[in-house]
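Next come the chains, spelled out residue by residue.
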Amino acid sequence: MCGIVGLFLKDKSLEPQLGTLLSEMLVTMTDRGPDSAGIAIYGADQNDLVKLTIQSPAPETDFAGLTEDLRKAGVTNASILPKSTHAVITVSSDQLDVTRTALEELRPDVRIMGTGSAMEIYKEVGLPKDVLERFKISDMTGTHGIGHTRMATESAVTTLGAHPFSTGSDQCLVHNGSLSNHNNLRRELTREGIRLETQNDSEVAAAYLTGEMAKGKNLGEALTSALDDLDGFFTFVVGTKSGFGVVRDPIACKPAVMAETDAYVAFGSEYRALVNLPGIEDAKVWEPEPATVYFWEH
Amino acid sequence: MPVFDLATTELRALNQALHALDKSGANEDFEVTNPRGSHAVAVGIDAPVNVTIDGSVGYYCAGMNEQATITVKGNAGPGVAENMMSGKVVIKGDASQYAGATAHGGLLVIEGNASSRCGISMKGVDIVVKGNIGHMSAFMAQSGNLVVLGDAGDALGDSLYEARLFVRGTVKSLGADCEKKEMRAEHIELLTKLLADAGITDVKPEEFTRYGSARTLYNFSVDNFDAY
């Protein structure tokens, strides 16, 4: 099954509540998939700074002294904010590559979950409620975000196998379904130089969209290409720095409900996920059509 | 009138009360408030009773219904009135995929749109949709009637048996072995009754086109191999 949610705010006054609203939506979807959970949130874009969300199986040892070690490796002015098994490292954007290389050498067990000027990603094995509490997602503010609660089918139940997947700067994807041509696509994408971390099918979808957008397509155009090139069952919710998109495969057996008001666009695997949103009683509520791309941009 | 507020009452209490009703006598009307997308609301009733649900429901509302009249004042999730045997289910809003799947009898009225696979494998139910229906509707439908006031999506009536399909708008494409058929007097008469049962008075039966099975896929024939 899997449960997916997404919330794209139009009304800035709701931004302080984004973490709380998304958390409630995701917890409601717990019984669609209790293996692991994750969330990606887009906060304020920081000029010339980039955030790396990292994860470690041994955070206490890996995060200790990391800023100092990075400084010695040539990363000046890195700041680090640990949150449980994750930490957000902020560096100036021209130092992203040197930070990546330094992390690989200094902390080989640390994984980069995502990078970007606005996006942070938190995901772990466990129930949504526990995962969200662990990272204090309710306290987070932002413009839009997506979340996922997983019932694993295509790869192991691990932190890296949890959603959202991020394969490009400020890009992330959550998926309900299973792809059947992911091995072939993974080989093609790897040949194009896109780096994949797992054997998971959904990561391939994320990487595919990253590849299409790298060719100059916008999110909507990339999602349209996905309908031709991805084979299998999917309902995707995708985030970029300023955009939010939804697409379902032509068979459309993976459920989806959307709601829109003047204040937000919301997505849920089921209507239950949306019932606590402000003004839902008067929202336009609809089921996204099969093989149809929906996207919004700030 | 019993009122069950699902914000404060367990769903099981509602369904148990509905299962305890008199199967052959008169029953008080039930009202259900704050369904908030709950699954399996008013499932498995076998009694003449009116149940009104004030809001949207999740999966499988009114499943296996016998005798009851169930009205949803909102949208319904996947599988509404699945396997209904008799009675009447009215959805004031839209219905998600496989509405009325495998239903044997009764009447399902959807006042908004129904999405994909509406009436899949229907076995005698009458379904009236005021809006549009999605792709693969009436797939392998065996008997009963599907009436659509709007348009139908791709592959309508694929591998159809003896169900009758009446569509007033356009059909995006027909499924394997489904074909357009002539509207005879008996069909006008049937449609007049179905529209009246669904409370529709402003639409004429002559505006519909009938679709049914071409009956070429009933028995295996090697010449039809590509169609299977």
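Residues numbered from 1 in each chain as written. Chains lettered and ligands numbered in written order. Predicted model: local features only at pLDDT ≥ 70, side-chain atom pairs only at ≥ 80, totals over all residues. Heavy atoms only, no water.

Colleague: Just checking my understanding: could you explain the interface of chain B and chain A for this structure?
Modeller: Opposite the 14 residues of chain B that make contact, chain A presents 14 residues. Summed over both sides, the interface of chain B with chain A buries roughly 1000 Å², with 45% coming from carbon and sulfur. Contact with chain A buries area across many residues of chain B, yet Arg-36, Tyr-59 and His-135 of chain B alone supply 40% of it, more than any other trio. Across the contact surface, chain B and chain A share zero salt bridges. Counting across the chain B and chain A interface gives eleven residue pairs in polar contact (both at pLDDT 80 or more). (Contact = heavy atoms within 4.5 Å. Buried area = accessible area lost by both parts, 1.4 Å probe. Salt bridge = Lys/Arg side-chain N within 4 Å of Asp/Glu carboxyl O. Polar contact = N/O pair within 3.5 Å; in protein donor to acceptor, adjacent residues only side chain to side chain.)

Colleague: Honestly, the UniProt feature "domain: Glutamate synthase alpha subunit C-terminal" (unreviewed entry) in chain B in this entry has me stumped. Any pointers?
Modeller: Under the local residue numbering, the UniProt record ascribes the feature "domain: Glutamate synthase alpha subunit C-terminal" (unreviewed entry) to residues 47-188 of chain B. Its end C-alpha atoms 32 Å apart, residues 47-188 of chain B is made of 3% helix and 27% strand. (UniProt positions renumbered as here; feature names shortened; annotations may be inferred. Helix = DSSP H or I, 4+ residues; strand = E, 2+ residues; numbered from the N terminus.)

Colleague: Would you mind going over the environment of Asp-130 of chain A with me for this structure?
Modeller: Residues and elements named next belong to chain A. Within the element layout of this structure, Asp-130 appears in helix α5 (residues 128-134). The exposure class of Asp-130 is partly exposed, given its relative accessible area of 40%. Through-space distance from the C-alpha of Asp-130 to that of Glu-105 is 32 Å; in sequence the pair is 25 residues apart. (Buried < 20%, exposed > 50% of the residue type's maximum accessible area, 1.4 Å probe, protein only.)

Colleague: For this particular structure, what's the right way to read a nonpolar patch on the surface?
Modeller: Nonpolar side chains collect at one region of the surface, where Met-140, Tyr-161 and Tyr-218 of chain B lie side by side and expose about 250 Å² of accessible area between them. Summarising the element assignment, Tyr-161 of chain B is placed in the loop between β8 (143-148) and β9 (164-167). (Patch = residues over 30% accessible without salt bridge, like charges linked within 9 Å, V, L, I, M, F, W, Y side chains within 5 Å. Areas by Shrake-Rupley, 256 points an atom, 1.4 Å probe, with all protein chains shown as cover.)

Colleague: Quick question: what am I supposed to make of the environment of Lys-23 of chain B here?
Modeller: Residues and elements named next belong to chain B. Considering the arrangement of structural elements, one finds Lys-23 in the loop between α1 (11-19) and β2 (30-33). Taking the C-alpha atoms as reference points, Lys-23 and Met-136, 113 residues apart in sequence, are found 36 Å from one another. Lys-23 has contacts with Asp-46, Ala-47, Pro-48 and Gln-67, leaving out every residue within four places of it along the chain.

Colleague: Can you walk me through the domain arrangement of chain A in this structure?
Modeller: Accessible area lost on assembly of the parts is the figure often given for the size of an interface. All names here are of chain A. Here chain A is described as being made up of domain 1 (3-42 + 125-297) and domain 2 (46-117). Here the C-alpha centroids of domain 1 and domain 2 sit 25 Å apart. Contact residues are listed per partner, giving 13 residues for domain 1 and twelve residues for domain 2. Roughly 980 Å² is buried in total at the junction of domain 1 and domain 2, and carbon and sulfur atoms are behind 49% of that figure. Taken as a group, Phe-135, Thr-159 and Leu-160 account for 43% of the area that domain 1 buries against domain 2, more than any other trio of residues on that side. Where domain 1 touches domain 2, the interface holds one salt bridge. Notably, a salt bridge pairs Glu-104 with Arg-195, separated by 3.1 Å at the nearest N-O pair. Counting every contact that joins domain 1 to domain 2 gives five residue pairs in polar contact (both at pLDDT 80 or more). Looking at the side of domain 1 that touches domain 2 residue by residue, the classes come out as three nonpolar, four polar and six charged. (Domains from an automatic or database assignment. Nonpolar A, V, L, I, M, F, W, Y, C, P; charged D, E, K, R; others polar.)

Colleague: What's the story with the pattern of salt bridges in this structure? I'm lost.
Modeller: Oppositely charged side chains can pair when the atoms bearing their charge come close. Residue and element names in this part refer to chain A. Under the definition given, this model contains 24 salt bridges over all chains. Salt-bridge contacts for Lys-10 lead to Glu-260; the nearest nitrogen and oxygen are separated by 2.7 Å. Linking Lys-10 in the loop between β1 (3-9) and α1 (18-28) with Glu-260 in strand β13 (residues 257-260), this pair joins segments that are 250 residues apart in sequence. The class for Lys-10 is partly exposed, based on a relative accessible area of 37%. The class for Glu-260 is partly exposed, based on a relative accessible area of 21%. For the salt bridge of Lys-241 with Asp-45, the shortest nitrogen-to-oxygen distance reads 3.4 Å.

Colleague: Is there a simple way to explain the pairing of strand β16 (residues 294-297) of chain A in this structure?
Modeller: Here is the key point about a regular strand: its side chains alternate between the two faces of the sheet. Residues and elements named next belong to chain A. Residues Tyr-294 and Trp-296 line the buried face of β16, whereas the alternating positions Phe-295 and Glu-297 sit on a face that is not buried. Pairing of strand β12 (residues 243-248) with β16 involves four bridges; the strand directions are antiparallel. Counted as the bridge partner of Val-246 is Tyr-294 from β16. (Pairing = 2+ DSSP bridges.)

Colleague: Before we go on, may I ask you to explain the sheet that holds β2 of chain B in this structure?
Modeller: In a beta sheet, neighbouring strands are held together by backbone hydrogen bonds and run either parallel or antiparallel to one another. All names here are of chain B. An order of β1-β2-β3-β4-β5-β6-β7-β8-β9-β11-β10 is seen for the eleven strands of this open sheet, with the pairing classed as mixed. Strands with a single pairing partner mark the edges of an open sheet, and in this sheet they are β1 (3-5) and β10 (178-181). For this sheet the average axis-to-axis angle between neighbouring strands, irrespective of direction, equals 15 degrees. Relative to strand β6 (residues 107-110), strand β5 (residues 88-91) runs parallel, the two being bridged by four bridges. Note on β6: the bridge partner recorded for Val-89 is Leu-108. Along the sheet, α1 contacts β1, β2 and β3 (50-54); its crossing angle with β2, the most-contacted strand, is approximately 170 degrees. (Axes fitted to C-alpha atoms, helices over the stretch in contact; angles between N-to-C directions.)

Colleague: What's the story with the packing of aromatic side chains in this structure? I'm lost.
Modeller: Think of a pair of aromatic rings as described by two things: how far the centres are apart, and how the planes are tilted against each other in angle. For the structure on display, the rule yields eight aromatic pairs over all chains. Here Phe-8 of chain A and Phe-244 of chain A contribute two aromatic rings whose centre-to-centre distance is 5.7 Å and whose plane-to-plane angle is 25 degrees, an arrangement assigned as stacked. Taken together, the positions of Phe-8 of chain A in strand β1 and Phe-244 of chain A in strand β12 put the pair 236 residues apart, joining distant regions of the chain. You'll find Phe-8 of chain A and Phe-244 of chain A in the same group, each marked buried. Taking the centre distance of 5.7 Å and the plane angle of 45 degrees together, the rings of Tyr-161 of chain B and Tyr-218 of chain B count as tilted. Of this pair, Tyr-161 of chain B sits in the loop between β8 and β9 while Tyr-218 of chain B is found in the segment after β11 (209-213), placing the two residues 57 residues apart along the sequence. Here a set of aromatic residues connected by ring pairs shows up, and it is made of Phe-8, Phe-244 and Trp-296 of chain A. Its guanidinium or amino end placed over the ring of Phe-165 of chain A, Lys-123 of chain A lies 4.4 Å from that ring's centre, counting from NZ or CZ. The residue whose ring lies beneath Lys-284 of chain A is Trp-286 of chain A, and the NZ or CZ to ring-centre distance is 4.3 Å. (Phe/Tyr/Trp six-rings, centres within 6.5 Å; stacked < 30°, edge-to-face > 60°. Lys NZ or Arg CZ within 6 Å of the ring centre and 35° of its normal.)

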